[in-house]
Amino acid sequence: METLITSGTIVWIVLAVMTVEAVVLARLIKSFPGILAGLGAGGSIVLALGASITNKGPVAIAACLGLSFLFHVVELYFWVKAFRQKASS
């Protein structure tokens with residue numbers, strides 16, 4: 001188990017599970033872009049964890065966290081858009 005974590009393999013397992021989750025949700029949910037943005041944010045944080053575990057350096061970690069921030073902004077856009085559509089109807 002320790003090797004699974006310290007090698008960073010656990011990160012790829014988590015990302016594979018998140019990919020399956022995205023495929024399943026794409027078939028079930030109409031507002032998929034917002035969900036995809038949320039998964040992108042989470043996936044970026046998982047990548048930052050992997051970069052940290054495997055000692056990729058602060059630039060790689062910061063890049064992953066910056067990407068997560070961008071995904072969160074996109075997710076927020078979809079939430080606001082959905083809220084406004086619901087409020088206007």
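Here the structure is shown first, and the text comes after it.
Residues numbered from 1 in each chain as written. Predicted model: local features only at pLDDT ≥ 70, side-chain atom pairs only at ≥ 80, totals over all residues. Heavy atoms only, no water.

(A) Inspection of the side chain of Ser68 at higher detail. In this fold, Ser68 is placed in helix α4 (residues 58-88). Its relative accessible area of 3% is what places Ser68 among the buried residues. Excluding anything up to four places from it in sequence, Ser68 contacts Ala41, Ser44 and Ile45. (Helix = DSSP H or I, 4+ residues; strand = E, 2+ residues; numbered from the N terminus. Buried < 20%, exposed > 50% of the residue type's maximum accessible area, 1.4 Å probe, protein only. Contact = heavy atoms within 4.5 Å.)

(B) Layout of the environment of Ala60. Along the chain, Ala60 turns up in helix α4. In this structure the C-alpha to C-alpha distance between Ala60 and Phe78, which are 18 residues apart in sequence, comes to 27 Å.

(C) Here's a closer look at the nonpolar core. Core analysis: the largest hydrophobic core is formed by seven residues, namely Val11, Leu15, Met18, Ala22, Leu25, Leu39 and Val46. In terms of residue count, the dominant contributor to this core is helix α2 (residues 9-28) (five residues). With residues near it in sequence (within four places) discarded, Met18 still touches Leu39, Gly42, Gly43 and Val46. (Core = buried A, V, L, I, M, F, W, Y, C linked by side-chain atoms within 4.5 Å.)

(D) Here's a closer look at the packing of aromatic side chains. For the structure shown, the criterion picks out one aromatic pair. Where Tyr77 meets Phe78, the ring centres are 5.3 Å apart and the plane angle is 70°; that geometry is what we call edge-to-face. Given a relative accessible area of 27%, Phe78 falls into the partly exposed group. (Phe/Tyr/Trp six-rings, centres within 6.5 Å; stacked < 30°, edge-to-face > 60°.)

(E) Highlighting the environment of Leu4. Relative to the helices and strands, Leu4 is located in helix α1 (residues 2-6). On the basis of relative accessibility, which here comes to 28%, the residue Leu4 falls in the partly exposed class. With 36 residues separating them along the chain, Leu4 and Gly40 place their C-alpha atoms 23 Å apart. Discounting residues that sit within four places of it in the chain, Leu4 has contacts with Thr9, Ile10 and Ile13.

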